[in-house]
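What the coordinates show
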Amino acid sequence: QWAQGFRLGYPDKPYVAPGCDTDQDGLIDGSDVSTGLSAIKSDFLDTYELGGKFRLLDDRVSVQAAVYQTDWNDMPVLTFFECQAEVMRNLGKARSRGAELAVAWQVSEDFKVELGASYTDAEVSKTIEGLGNEGDRLPGSPKYSYNLGLQYDFSLAGLDSFIEWNLAYRGKLYAALAESGMPVGDYYLMNARWGLKLGQVDLAVFGKNLTNDDGLVWASQIYDGRVYR
C-alpha cells in the first residue's frame, strides 16, 4: 500500500516577547528569524506499507503483520528562543520506519488471547540551522509499545457472561527535538471488564488503571520552568 497526503501552508504570526528585537531590525536577536508575519510551507507525507493477514490452526489463530516507512517533508515545528519567543518553522525532512504485529488466539471455545506490539524508529533526516540535528528522534514517538488481552466466556445463572483483562505498555518518548526536556511515557495501564450478554445487549462494569499507575503522558515546558502534566 502507498499513500500520500499534505496539509496546506498558512501565514503565521509568531509570539515575540518585548526585548527579543533590541536593535529593531525585524529579526529575533541572534537569529535570522523574523518577528513579523511569516509563511509556513505545506508539508507532505508519503507512506509505504507491506503487510499481510493470515489464519492458522483451523482459523483459531489470526495474525496481522506489517512493516512500513513514512517520509515527511517540511514538517512544521514550534521552536522556542531564550528571549521568550515562539515561532513555527518548517523543519526539513523526517523518516519513520517500523513494524506492527497483532495476534488473536482462540485457545478454547471459552478462552481467547490477543497480543499486539509495535516498533517505531522515527528520526529527523534533514534539518535547517537551529532546528536540531540529523538523526534526532522525533518528538512524540515511542520506540516500543505492546499490549496483552485475555477474554473468558462462561455461564452465570443461565446467562452468558464474560471477563476481559488488558495490559498495555507505552514506551518512553520526548516532547521536544533531540530527546530533550522531560521524558514521558514508559508506563503500564491495566484495565478489566465483567459483564452479561442479554440478547443483543451487553451489560458490563469496568475498571481503568487498576494499578493506579501515575504515568506521565505528556509534558510541555513554559518560560518560568514549570512543567504541566
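What you see is a predicted model; the values in this text were computed from it and never measured. (Residues numbered from 1 in each chain as written. Predicted model: local features only at pLDDT ≥ 70, side-chain atom pairs only at ≥ 80, totals over all residues. Heavy atoms only, no water.)

1. Focus on the sheet that holds strand S15 (residues 187-198)
Spatially, S1-S5-S6-S9-S10-S11-S12-S15-S16 is the arrangement adopted by the 9 strands of the open sheet, whose pairing is antiparallel. Strand pairing shows two members of the sheet lacking a second neighbour, strand S1 (2-7) and strand S16 (201-207), which therefore form its edges. Across the sheet, the mean angle from the axis of one strand to that of its neighbour is 15 degrees, orientation sign disregarded. Bridging between strand S5 (residues 43-56) and strand S6 (residues 61-73) involves 13 bridges; their strand directions are antiparallel. Across the sheet, Thr 47 pairs through a bridge with Thr 70, a residue of S6. (Pairing = 2+ DSSP bridges. Helix = DSSP H or I, 4+ residues; strand = E, 2+ residues; numbered from the N terminus. Axes fitted to C-alpha atoms, helices over the stretch in contact; angles between N-to-C directions.)

2. Quick notes on the layout of surface pockets
In this structure, the second largest pocket occupies an estimated 230 Å³ of space. No other element matches the 4 residues that strand S8 (residues 85-90) contributes to the lining of the second largest pocket. (1 Å grid on protein atoms, 1.4 Å probe; cavity = no way out; pocket = protein on both sides within 12 Å on 5 of 7 lines; lining within 4 Å. Points joined across faces, edges and corners; volume = space filled by probe spheres on them.)

3. Observations concerning the pairing of strand S9 (residues 93-106)
Both S6 and S9 contribute to a ladder of 13 bridges, which runs antiparallel. The partner of Ala 65 across the bridge, within S9, is Leu 101. Inspection of the sheet shows S9 paired to strand S10 (residues 111-126) by 14 bridges, in the antiparallel sense. Each bridged residue has a counterpart across the sheet, and for Ala 102 the counterpart in S10 is Gly 116. Connecting S9 to the next strand, S10, in antiparallel fashion are 4 residues.

4. Notes on unusual backbone geometry
Phi is positive for Leu 57, close to 50 degrees, though the residue is something other than glycine. On the accessibility criterion, Leu 57 (53% relative accessible area) is exposed. Positive phi, normally seen in glycine, also occurs at Asp 74, with a value near 60 degrees. Tracing the backbone through its elements, the reader meets Asp 74 in the loop between S6 and strand S7 (76-81). (Buried < 20%, exposed > 50% of the residue type's maximum accessible area, 1.4 Å probe, protein only.)

5. Some thoughts on the nonpolar core
Counting 9 residues, the largest nonpolar core is built from Met 75, Val 77, Leu 91, Ala 94, Ala 122, Val 124, Leu 131, Leu 138 and Leu 177. If we skip the residues at most four places from it in the chain, Leu 177 touches Val 77, Leu 91, Val 124, Leu 131 and Pro 139. Grouped together as the second largest cluster of nonpolar side chains are 7 residues, Cys 20, Ile 28, Val 33 and Ala 85 included. (Core = buried A, V, L, I, M, F, W, Y, C linked by side-chain atoms within 4.5 Å. Contact = heavy atoms within 4.5 Å.)

6. Observations concerning the confidence of the model for the chain
Summarising the model, the chain shows a mean pLDDT of 89, and 95% of its residues fall at 70 or more. Contacts from residues 223-229, a stretch scored under 50 in pLDDT, to residues over four places away or in other chains number 19 contacts. (pLDDT = per-residue confidence, 0-100.)

7. Remarks on the state of the cysteines
Covalent bonding between the sulfur atoms of two cysteines is what defines a disulfide. This model, assessed by the stated rule, comprises 1 disulfide. In this model Cys 20 forms its disulfide with Cys 83; the gap between the sulfur atoms is 2.1 Å. Across the disulfide from Cys 20 to Cys 83, rotation about the S-S bond amounts to roughly 110 degrees, and the bridge is consequently right-handed. On the criterion of sequence distance, the pair formed by Cys 20 in the loop between strand S3 (15-16) and strand S4 (38-40) and Cys 83 in the loop between S7 and S8 is long-range, its members being 63 residues apart. (Disulfide = S-S within 2.5 Å.)

8. Examining the packing of aromatic side chains
According to the stated counting rule, one finds 6 aromatic pairs in the structure shown. When the ring of Tyr 119 is compared with that of Tyr 144, the centres are 5.3 Å apart and the planes differ by 45 degrees; the resulting orientation is tilted. Here Tyr 144 lies in strand S11 (residues 144-156) and Tyr 119 lies in strand S10, a separation of 25 residues in the sequence. Relative to Phe 154, the ring of Tyr 152 lies with its centre 5.7 Å away and its plane at 15 degrees, an arrangement referred to as stacked. (Phe/Tyr/Trp six-rings, centres within 6.5 Å; stacked < 30°, edge-to-face > 60°.)

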